[in-house]
Amino acid sequence: ASRALVVVVLSLLYLCRAIFSSEYFSPLTLFNNELSKQGCSSLSEWEEYASECGKSSILQLEDPACEEGSSSSCESVFSLNAEKILNQARLFIEQKKIPFPVANHNVNEELAIGYVLIGNGLYDEAIKHFSLLLQGDPELVSAIYGRGMAYGKKSLQDIKNADLALYELNRVITLEPNWPEVYEQRAEILSPLGRISEALADLSKAIQLQPSARLYRHRGTLLFISEDYVAAMEDFQQSLELKKNQPIAMLYKGLTFFHRGLLKEAIETFKEALKLKSDFIDAYKSLGQAYRELGDFESAMESFQRALLLDQNHIQSLQLRGMMLYHHGSLQEAIGNFKRCLQLEPYNEVCQYMKGLSHVAMGQFYEGIKAQTKVMLNAPLLGQKASSEYLKVKYLREYSRYLHSHLDVPVAEYNVDQDLPGNFKNHWAKNLPFLIEDYEEQPGLQPHIKDVLPQNFDSYSSEVQKLICTADHLGALMQYDTPGFLPNARIHRAMGLATVEVMQAMHRTWSNSKVRVHGKTRQMQWRDMFDIAVKWRRIADPDQPVLWLDQMPARSLSRGFNNHINLIRGQIINIRYLAYFDSILDFIKDRILVYHGAYNPRGLLEVRQALENVNKVEDLLPIMKQFNSKTRDGFTVNSKVPSMRDPGKEYDGFTITITGDRVGNMLFSVETQTTEERTQQYQSEVESIYKDLTAKGKALMLSTELGDADAVCNLILSLVYYFCNLMPLSRGSSVVAYSVVMGAVMASGKEVIGRIPKGKLVDFEAMTTPSPDSFSQMAKSWMNLKSLPSWYQSLPSVTETFPSTRTMIEVLNTDSSSHCPRKS
């Protein structure tokens, strides 16, 4: 999800650059090569795309000799023909385009020639021309302004000219402080230098002098880049009120909603942009991305498809659609999009990385590693920031080699967490640059190990087919009905198979059978139960390191691993957790009252009354500053988790942090710190519950009492409660935990019928629920447990049917869409 959002911002910045360089420094007419660079086939198309481009610039000229449909006269308005330049200068005067004109007609004609030279791209000649005029009159404002514009145009190619441009524009403002165009021009020089606050001040001054749709749109774009999305949205709205037919402004307004997590509002706004311009590719692309973030795969596909119908070579739409298909589990289709993307843009790192990842996920290691190696060749230049793909690709290549070498080794005979080097795992889990001392690379691909071949669903026996269809159904029950979570058929099948395998392993354990784990045959422990789900989660998506944090190097474990989630950063809201904001706010209020009751009992009533008026997390910070002098830029609140093993004892839960100096510049985050001490505390709790669970499970095998099954279910959910609060995995803790819940519950003779309610997340439910008992009651209310049908017991053994990485990948690759009955 995070990689997709970055693409939207980059596309906006690219579009802004295109508009700025044309709108504010445009030549008399836009040259054909400039149009083609921006994907426009004609001037009229560009003007429709970037509304007001023609009307806003003083350099834009209407040439009556150049009529639509004519050929030679319009091929190039300018040449080095002096007569033509003079004619255009006169036309410039007639149309009253000269800024700061004077009473002397001859001087105005000379000024016009200078502006025509700028429009022709002859910046050095324009500078010389204006300099000659200034020798005669050093305070000729229009000549100072023209020379500043010429330097500004040069600054886009050579940044040292920016200072000269700013010097000239500063002089103009000193002489003529009430011309909005000059402030706008200066803002245009300042913004590429990163001096955004100064540029915004200039645009605000220009708006104060003479508001226009263009100025509001310009300022809104800079506010957007500054991540002040609320103010940006207001500016785009102001721009649209002054001039309705602006598809670009409407698109930007939609993007402000998108980045604030207001997806439904974004979707409606993108649709409004499409009403203004029915063939607006960027609006379709953004609409597709908004639907994707909402988890609406079909609507997202339709939007991307419409963008590509308008332009089959639209690289961003191909890239985004390919990424969505990957995260939907449709890997073969994703590869097709990435291949097409690379045909058009061979050095596209995102498409190259995703192509390599997709091939490896499907077991096509030779193609996968070849693509990964190409990404590795794109090393950033000195001082240049490395791309996300470049940072990740070496980890992926090493892990791909490891998987390939173990493709035909029974999964029960090796251990990823022990085999991979400690520092490699540590750096990979933390997404650090691949700078690992004395690292010994994994062996290269071995020719005798062949790639995974496509497997036909019909090639499996009817019993295995039933197992696959059952897994698809069980996995779908784990799907979150929450914005930000796209349904992934591959993950569904993997975790459905994990559920059945957990059920079968628990059943064997409760029947006093042993299991084969990491090359040893022994009684199953709690970690073995979770490892079943971990192995399936790992193989479903090799991009993400699903690793046990307590298996990391001792030095890094002693420092702790922070599982950090930003809920609000500035104006960006994490939509995945929106449903929990109110309950977290209530929790924070409660902790504040407890704190003040202990340390400031006299002021407790006043604090309580102030908190009653707080309905948003953002409003807490000023209140805390008012009542607690220690609260300068923020405060933290810690949750506690009660022990079942030692009643009265509590463990550290998660930490809520709220920092910032004002609304809109706030960080509201949740994190768990997995230290060695905390891990031991939680694991002792889990081990105690698992021991009790095993005893109860064995008793259940000999009993028909319904109460026993309910007690077993409560123990399973209690165990997962502590697992989720510990967050012991680098990724995937939530789906791993729920597949274990479902499998263990099925082993007790119950079937999960219900789906996870809208807005609910298993891990956050555990983290925000005060006790394992209340978590169990709440989870059972949605699981809707029924008696397990007897045919579940006759399903083939998952461990024996899919014993190796190869067989696991084969079954995940298999298309069952036309074979498995759909269940409501």
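Because the structure is a prediction, the values reported are computed rather than measured. (Residues numbered from 1 in each chain as written. Predicted model: local features only at pLDDT ≥ 70, side-chain atom pairs only at ≥ 80, totals over all residues. Heavy atoms only, no water.)

This brings us to the UniProt feature "repeat: TPR" (unreviewed entry) in the chain. In the UniProt entry, the feature "repeat: TPR" (unreviewed entry) is given for residues 213-246, 247-280, 281-314 and 315-348. Its end C-alpha atoms 9 Å apart, residues 213-246 is made of 79% helix and 0% strand. (UniProt positions renumbered as here; feature names shortened; annotations may be inferred. Helix = DSSP H or I, 4+ residues; strand = E, 2+ residues; numbered from the N terminus.)

Moving on, we come to helix H7 (residues 105-119). Taking 1.5 Å as the rise per residue, H7 with 15 residues should run 21 Å; its terminal C-alpha atoms sit 21 Å apart, in good agreement. Within H7, eleven of the 15 residues are buried, leaving the element largely enclosed by the surrounding structure. When we look at burial in H7, the residues that qualify are Asn108, Glu109, Leu111, Ala112, Ile113, Gly114, Tyr115, Val116, Leu117, Ile118 and Gly119. Near the N-terminus of H7, the side chain that reaches the backbone nitrogen of Asn106, with its oxygen 2.9 Å away, is that of Asn104. Positive backbone phi, approximately 80 degrees, marks Gly121, located one or two places after H7. (Expected span 1.5 Å × (residues − 1). Buried < 20%, exposed > 50% of the residue type's maximum accessible area, 1.4 Å probe, protein only. Polar contact = N/O pair within 3.5 Å; in protein donor to acceptor, adjacent residues only side chain to side chain.)

If you walk through the whole model with that rule in mind, you get two disulfides. Put simply, Cys341 and Cys351 are joined by a disulfide, and their sulfur atoms are 2.1 Å apart. The sign of the S-S torsion, about 90 degrees, decides the handedness of the disulfide formed by Cys341 and Cys351: right-handed. You can see Cys341 sitting in helix H20 (residues 331-344) and its partner Cys351 sitting in helix H21 (residues 349-361), a full ten residues away along the chain. (Disulfide = S-S within 2.5 Å.)

All right, on to the pattern of salt bridges then. Evaluated as defined, the whole model comprises 34 salt bridges. A salt bridge links Glu441 to Arg397, with the shortest nitrogen-to-oxygen separation between them at 3.5 Å. Remark: Arg397 occurs in helix H23 (residues 388-405) and Glu441 occurs in the loop between helix H25 (422-429) and helix H26 (462-476); sequence separation between them is 44 residues. On the accessibility criterion, Arg397 (10% relative accessible area) is buried. Between Asp481 and Lys758 there is a salt bridge; the shortest N-O distance is 3.8 Å. In this pair, Asp481 is assigned in the loop between H26 and helix H27 (489-510) and Lys758 in the loop between strand E8 (750-752) and helix H36 (762-768), connecting sequence segments 277 residues apart. One salt-bridge network, in which partners are shared between bridges, spans Lys394, Arg397, Glu398, Arg401 and Glu441. (Salt bridge = Lys/Arg side-chain N within 4 Å of Asp/Glu carboxyl O.)

As a further point, take the nonpolar core. Formed by 145 residues in total, the largest nonpolar core has its most connected members in Trp536 and Phe668. Among the elements that make up this core, the one with the highest residue count is helix H34 (residues 706-726) (13 residues). Ala162, Leu166, Ile248 and Phe338 belong to the second-largest nonpolar core, a separate cluster that totals 108 residues. (Core = buried A, V, L, I, M, F, W, Y, C linked by side-chain atoms within 4.5 Å.)

Time to look at the sheet that holds strand E3 (residues 561-569). Read from one edge of the open sheet, five strands run E4-E3-E7-E6-E5, paired in antiparallel fashion. On the outer flanks of this sheet lie strand E4 (572-573) and strand E5 (634-642), each paired with one strand and no other. The pairing of E5 with strand E6 (residues 650-660) spans eight bridges and is classified as antiparallel. Across the sheet, Lys640 pairs through a bridge with Asp652, a residue of E6. Sheet strands touched by helix H33 (residues 676-701): E5, E6 and strand E7 (666-674). Its angle to E6, the strand with the most contacts, is close to 135 degrees. (Pairing = 2+ DSSP bridges. Contact = heavy atoms within 4.5 Å. Axes fitted to C-alpha atoms, helices over the stretch in contact; angles between N-to-C directions.)

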